Amino acid sequence: MRDARMTQTSAPLRPSRAAPAAVSAAGAAAHASATPALEGRGLVKTYGSIRAVDGVDIALPPGRIYGLLGPNGAGKTTLIRLLVGLARPTSGEAYVLGRRVPSREMLASIGYMTQADGIYPELSVWENIRFFAALYGNFDRERLMDALRIVELDGRAGTPVLQLSGGMRRRLSLACALVHRPPVVVLDEPTVGIDPALRVQFWRHFRSLSAEGATLLVSSHVMDEADRCDELLFIRGGKVIARGSGEELRRRAGTADLEEAFLRFSGADVGATA
Amino acid sequence: MSPRRVTALIRRIVAQFRRDRRTLALIFVVPIAISALLGWVLRDQQTTPVRLGIVNDGGAAGARIAQAIIATRAESSILPLPVDVPASTITDAEARSALRDDRLDVVLVIPSDVVAGLASATGPHLVVMTQGANPPTEGGQVAQVRQVLASALASAVPGAVAAPVIEHQTVFGAANQDPFDALSPFFIGFFVYFLVFILTGISFLRERVGGTLERLLATPVTKGEIVLGYTLGFGIFATLQVIVLLAFTLMRVDVPAIGPLGAFSIGLAVPSAGNPLLAFVVALLLAIGAVSLGIFISTFARTEFQILQFIPIVIVPQGLLSGIFWRIETLPGPLQPIARALPLTYAADGLREIMIQGRGLAASGVQLDLAVLVAIAALFVVLAAGTIRREVA
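Predicted model, so just to flag it, every value in this text is computed and none were measured.

Any chance you could explain the sheet that holds strand β6 (residues 110-113) of chain A here in plain terms?
Strand pairing in a sheet is mediated by backbone hydrogen bonds. Such pairs are either parallel or antiparallel. All names here are of chain A. Taken in spatial order, the six strands of this open sheet run β6-β7-β8-β3-β9-β10, and their pairing is mixed. Each of the sheet's edge strands pairs with one partner strand only, and the pair in question is β6 and β10 (239-244). Across the sheet, the mean angle from the axis of one strand to that of its neighbour is 15°, orientation sign disregarded. Across five bridges, the pairing between strand β9 (residues 231-236) and β10 is antiparallel. When the sheet's bridge partners are listed, R236 is paired in β10 with K239. The strands that helix α7 (residues 196-211) touches are β3 (65-69), β6, β7 (184-188) and β8 (215-220); relative to β8, the one it contacts most, it runs at about 150°.

Would you mind showing me how to read the interface of chain A and chain B here?
Many structure descriptions define interface size as the accessible area lost when the parts assemble. With 33 residues of chain A at the contact, the number on the chain B side is 27 residues. Contact between chain A and chain B buries roughly 2,700 Å² in total, counting both sides, with carbon and sulfur atoms accounting for 58%. Contact with chain B buries area across many residues of chain A, yet R104, E122 and L135 of chain A alone supply 26% of it, more than any other trio. Run the count over chain A and chain B and you get three salt bridges.

What exactly am I supposed to notice about the sheet that holds strand β1 (residues 38-47) of chain A here?
Residues and elements named next belong to chain A. Pairing in this open sheet of four strands is antiparallel, and the strands run β2-β1-β4-β5 from one edge to the other. The open sheet has two edge strands with one neighbour each: β2 (50-60) and β5 (99-101). Averaged over all adjacent pairs, the angle separating strand axes in this sheet is 30°, with direction ignored. Pairing between β1 and β2: eight bridges, direction antiparallel. Its bridge partner being in β2, Y47 is matched across the sheet by I50. Running over the sheet, helix α3 (residues 76-84) touches β1, β2, β4 (91-96) and β5 and is turned about 125° from β1.

Could you clarify how one ought to interpret the side chain of E231 of chain A in this entry?
Relative to the assigned elements, E231 of chain A resides in strand β9. Reaching out from E231 of chain A, the side chain makes a polar contact with the side chain of R243 of chain A at a distance of 2.3 Å.

Please explain the packing of aromatic side chains as it appears in this structure.
Two aromatic rings, taken as a pair, are described by how far apart their centres are and by the angle between their planes. The tally for this structure, following the rule as stated, stands at 13 aromatic pairs over all chains. Measuring from ring centre to ring centre gives 5.1 Å for F131 of chain A and F132 of chain A, while their planes differ by 65°; the resulting arrangement is edge-to-face. The same class applies to F131 of chain A as to F132 of chain A, namely buried. Pairing F17 of chain B with F234 of chain B gives two aromatic rings, centres 5.3 Å apart and planes at 80°, and the pair type is edge-to-face. Of this pair, F17 of chain B sits in helix α1 (residues 3-19) while F234 of chain B sits in helix α9 (residues 223-254); the two residues are 217 residues apart in sequence, bridging distant segments of the chain. Side by side, F17 of chain B and F234 of chain B carry an identical accessibility label, which is buried. Members of the aromatic cluster, joined through ring pairs, are F17, F204, Y230, F234 and F237 of chain B. Above the plane of the ring of F131 of chain A lies R12 of chain B, whose end atom (NZ or CZ) is 4.9 Å from the centre. Its end group placed over the ring of F132 of chain A, R215 of chain B keeps NZ or CZ at 5.3 Å from the ring centre.

What is the right way to look at the pattern of salt bridges in this model?
Working definition: two side chains of opposite charge can pair if their charged atoms are close together. Residue and element names in this part refer to chain B. For the structure on display, the rule yields 24 salt bridges over all chains. Across the pair R5 and E225 runs a salt bridge, and its minimum N-O distance is 2.7 Å. On the criterion of sequence distance, the pair formed by R5 in helix α1 and E225 in helix α9 is long-range, its members being 220 residues apart. For R5, a relative accessible area of 10% gives the class buried. Between R96 and D92 there is a salt bridge whose closest N-O contact spans 3.0 Å. With R96 and D92 both in helix α4 (residues 92-100) and four residues apart, the pair spans about one turn of that helix. Taking the relative accessible area as the measure of exposure, D92 reaches 31% and is therefore partly exposed.

For this particular structure, what's the right way to read the environment of D57 of chain A?
All names here are of chain A. Take D57: it is sitting in strand β2. Taking C-alpha positions, D57 is 9.1 Å from K239, a pair spaced 182 residues apart along the chain. Residues contacting D57, with those up to four places away along its chain left out, are G40, R41 and G42. A polar side-chain atom of D57 sits 2.8 Å from the main-chain amide nitrogen of G42.

The rules behind each value
- Residues numbered from 1 in each chain as written.
- Chains lettered and ligands numbered in written order.
- Predicted model: local features only at pLDDT ≥ 70, side-chain atom pairs only at ≥ 80, totals over all residues.
- Heavy atoms only, no water.
- Pairing = 2+ DSSP bridges.
- Helix = DSSP H or I, 4+ residues; strand = E, 2+ residues; numbered from the N terminus.
- Axes fitted to C-alpha atoms, helices over the stretch in contact; angles between N-to-C directions.
- Contact = heavy atoms within 4.5 Å.
- Buried area = accessible area lost by both parts, 1.4 Å probe.
- Salt bridge = Lys/Arg side-chain N within 4 Å of Asp/Glu carboxyl O.
- Polar contact = N/O pair within 3.5 Å; in protein donor to acceptor, adjacent residues only side chain to side chain.
- Phe/Tyr/Trp six-rings, centres within 6.5 Å; stacked < 30°, edge-to-face > 60°.
- Buried < 20%, exposed > 50% of the residue type's maximum accessible area, 1.4 Å probe, protein only.
- Lys NZ or Arg CZ within 6 Å of the ring centre and 35° of its normal.

And the structure:
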């Protein structure tokens with residue numbers, strides 16, 4: 001089912017993409033094509049009586065863009081946090097590039113953009129990126145400027161974040177998540193609240209990251225973004241209810257659009273909570 | 001522990017402060033403004049000259065000191081210090097009756113062992129008596145007498161003399177500690193503690209609420225590095241604040257117009273008392289504890305306003321129980337162990353011992369204060385690190 005796209009995009013991985021700190025672990029793991037970039041085995045996360053993630057088994061091979069789709073409260077953010085090791089599963093195991101997480105070292109191989117911008121409003125664009133870069137490794141000035149250039153903020157390095165528009169902040173947030181050039185990029189609703197032009201720009205950038213060998217997991221509750229992903233994971237009630245390319249999911253559901261496909265799949269899953 | 005990451009945290013905190021002018025003003029200008037206001041208020045209370053009596057139990061040496069004090073009569077008109085110096089010494093009984101009848105404000109007793117005291121390293125031990133009816137006013141009066149005494153000792157005794165230890169007795173009521181003596185070190189400690197706590201608390205709350213902490217924790221930074229980075233980053237500003245505050249207090253000491261300021265800074269009388277560096281260390285240890293306390297408390301607040309709600313809970317009781325307003329021994333029984341567990345108590349005590357009593361590292365009291373402050377700071381660091389929720393260390 002991941003046939004056509006897979007052959008298109010699984011160009012030789014470029015380990016140079018990985019941050020120097022992460023190269024040994026990430027580079028080696030990425031070369032072994034059998035090793036998934038992200039893997040969850042029997043992941044369960046409960047908060048009291050709520051099962052936010054309810055038994056997820058997934059393995060995501062490297063070099064592709066994965067879309068995590070589901071309504072608000074479906075468990076997308078919790079699943080992401082489990083997969084990258086920012087939360088500990090109640091039961092089950094998570095692996096990044098074949099290494100068991102939670103692991104502090106593996107965080108160097110992950111670029112994580114949260115739903116909130118997570119940048120310092122008092123600081124300038126440059127000070128923000130310099131701060132996050134220093135937490136990841138020793139990067140020169142050019143590397144930081146590159147990260148800003150990609151999101152077209154290089155002309156605004158000295159501007160305080162307070163004076164930036166919402167879209168610019170979102171771009172800076174993305175640059176801060178990618179400055180260390182991680183082989184695994186996890187973006188939690190990266191396009192929420194941004195205008196269509198910027199959304200197109202973001203997706204173009206995601207595609208180029210993927211072409212360079214990075215694995216991207218992008219969560220969204222906007223279905224029209226889904227077709228930009230190589231593969232989709234429908235999530236509802238803490239469970240992955242369907243997986244496949246957009247085309248394939250539509251075909252399997254027998255519907256013309258993904259939203260209907262999603263509803264069809266959720267209807268089929270009796271255990272899912274509304 | 002990566003120096004690069006800790007440095008990044010420190011640089012970031014410094015940059016944030018530099019952008020935030022109002023907060024900078026809060027750190028440096030407010031303590032000075034309040035201290036100045038306090039000094040002004042206390043100064044203007046001193047309107048009438050202090051009527052001094054001298055009782056000499058110290059024989060010839062005592063007489064020499066008494067003569068030196070009496071000799072300042074001529075100068076007292078030049079000195080802005082309004083002390084009405086007596087023409088001769090009186091007996092103890094006369095002094096007490098004069099105090100009771102309100103004919104004298106302060107009586108200075110030169111004890112029989114004054115010769116030994118002058119020779120010893122701890123300085124002469126002198127007794128000052130007041131009525132005991134109005135401790136704040138009498139405290140100011142004693143401070144002024146101390147000025148006269150300091151200059152008289154300097155002229156009466158050749159060579160360097162250690163600052164005199166002055167025991168304050170009262171005719172009425174219990175022996176009372178000079179309230180102003182205790183205040184200026186307390187204010188230094190209190191300001192440092194209060195402001196550092198508030199700033200760290202709010203700053204870390206913003207990290208938690210604004211999503212930057214989540215992002216920080218998604219990097220390979222360790223919890224220890226975060227707490228250390230915060231401690232050092234805020235420590236820079238706490239250090240500057242303590243330096244400015246101490247310098248401000250000591251500058252006042254050096255102002256020749258001693259009189260109006262006598263009540264403001266008791267340090268006036270003992271300019272050489274204690275090592276300012278040691279006082280600085282005490283205040284800094286207190287500040288380090290306050291950084292971690294701020295991080296810890298920020299867990300229990302959701303908004304900046306809720307951080308402010310911790311002032312009456314965390315800060316004010318510490319001030320009240322710190323032994324400055326009421327000595328710990330006089331507190332109700334159940335409150336005493338609480339007072340003895342609070343960092344401000346030890347900082348205030350340490351600062352008082354160093355700045356007023358001129359004690360150094362050799363004094364067991366100072367050692368205890370420093371040890372407890374280090375222990376409390378370490379405990380808060382552990383607590384603070386514990387509140388940073390993370391699956392990996």
